[in-house]
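Below, each chain spelled out in residue letters.
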Amino acid sequence: MSKEINLVWFRNDLRAGDNPALFYAAEQGTAIGIYLEAEEQRKAHDDAACKIGFINDNVKELRKKLNQLNIPLHSFKVTDYADSVEKLEMLVDQFNAKGVYFNNEYPLNEKNRDNQAEKILEEKGLEVKRFDGDIIIPPNSVATGKGEPYKVFTPYKKAWIEFHKTQGTSPLPIPEKQDFKIDEQ
């Protein structure tokens with residue numbers, strides 16, 4: 001009996017190490033990486049050619065690292081974020097995935113896309129796991145005694161340091177090599 005398949009949706013987190021979505025997806029089953037390049041969205045944001053080239057180089061590098069772990073990385077071009085969600089839905093069906101794992105992104109369009117994806121995937125009965133993989137402390141984790149945001153920096157800084165001390169920030173390791181042949185998928 002084969003392990004359950006979990007898709008790892010890569011975006012700005014193009015790394016194998018210290019990547020909670022990848023680590024936990026591989027820990028819970030067979031991980032398959034997905035990267036969706038939203039071309040029109042990049043144009044709308046006026047991303048420079050050098051930025052796009054840098055991202056493409058990092059996708060290629062990530063693919064090499066994941067191949068060493070028997071974790072395939074599939075990349076697709078999509079139009080925009082809405083198209084990303086539709087493509088992700090199709091890939092879930094294609095790979096018969098049981099879960100989708102991804103690290104949160106915080107800009108407004110990205111948060112809206114992620115919330116939409118989570119809603120649609122959960123409605124399909126999938127397990128959706130989201131992580132705060134690109135920041136030290138999740139947003140809104142440090143608040144006043146009344147649960148409100150700080151308005152003065154120094155008390156915020158002190159509370160941030162105390163919160164950080166209790167949470168720890170040890171990086172996650174690279175996942176173990178999967179017992180999965182890339183040409184099987």
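Located above this text is the structure these notes cover.
These lines cover the structure that appears in this document, whether it is placed above or below.

Conventions and cut-offs
Residues numbered from 1 in each chain as written. Predicted model: local features only at pLDDT ≥ 70, side-chain atom pairs only at ≥ 80, totals over all residues. Heavy atoms only, no water. Core = buried A, V, L, I, M, F, W, Y, C linked by side-chain atoms within 4.5 Å. Buried < 20%, exposed > 50% of the residue type's maximum accessible area, 1.4 Å probe, protein only. Helix = DSSP H or I, 4+ residues; strand = E, 2+ residues; numbered from the N terminus. Axes fitted to C-alpha atoms, helices over the stretch in contact; angles between N-to-C directions. Parallel < 35°, antiparallel > 145°, perpendicular 65-115°, else oblique. Left-handed = near helix turned anticlockwise from the far one by under 90°. Contact = heavy atoms within 4.5 Å. Nonpolar A, V, L, I, M, F, W, Y, C, P; charged D, E, K, R; others polar. Pairing = 2+ DSSP bridges. Right-handed = clockwise from strand over helix to strand, strands pointing away.

**Re the nonpolar core**
At step 1: In terms of nonpolar packing, the biggest core is built from 22 residues, with Leu 7, Ile 32, Ile 34, Val 92, Phe 95, Val 100 and Leu 121 touching the most fellow members.
At step 2: Of all the secondary structure elements, the ones that give two or more residues to this core are β1 (5-10), β2 (30-38), α4 (81-95), β4 (99-103) and α5 (108-123).
At step 3: Among the elements that take part in this core, α4 stands out by supplying six residues, more than any other.
At step 4: One finds Val 8, Ala 21, Ala 25 and Ala 26 within the second-largest nonpolar core, a separate group that totals 19 residues.

**Overview of the packing of α4 against α5**
At step 1: α5 packs onto α4 with a crossing angle of 30 degrees between their chain directions and a minimal axis gap of 10 Å. With respect to each other, α4 and α5 are oriented roughly parallel. The crossing of α4 and α5 is right-handed. For the pair α4 and α5, contact is made by Tyr 81, Ser 84, Val 85, Leu 88, Glu 89 and Val 92 and by Asn 109, Glu 110, Arg 113, Gln 116, Ala 117, Ile 120 and Leu 121, respectively.
At step 2: The residue makeup of the contact of α4 with α5, split by class, is seven nonpolar, three polar and three charged.

**A few points about the pairing of β1**
At step 1: Where burial is concerned, most of β1 is hidden: six out of the six residues are buried.
At step 2: Of the two faces of β1, the one lined by Ile 5, Leu 7 and Trp 9 and the one lined by Asn 6, Val 8 and Phe 10 are each fully buried.
At step 3: In terms of strand pairing, β1 meets β4 through four bridges, oriented parallel. The partner of Leu 7 across the bridge, within β4, is Val 100.

**Here's the deal with the pairing of β4**
Within a regular strand, side chains alternate between the sheet's two faces.
At step 1: Within β4, five of the five residues are buried, which leaves it mostly tucked inside the rest of the structure.
At step 2: Burial of β4 is two-sided: the residues Gly 99, Tyr 101 and Asn 103 facing one way and the residues Val 100 and Phe 102 facing the other way are all buried.
At step 3: In the sheet, β4 pairs with strand β5 (residues 127-131) via five bridges, with the strands oriented parallel. The residue of β5 that forms the bridge with Val 100 is Val 128.
At step 4: Each parallel crossover has a hand, and for β4 linked through α5 to β5 it is right-handed.

The values are spatial; any link to function lies outside them.
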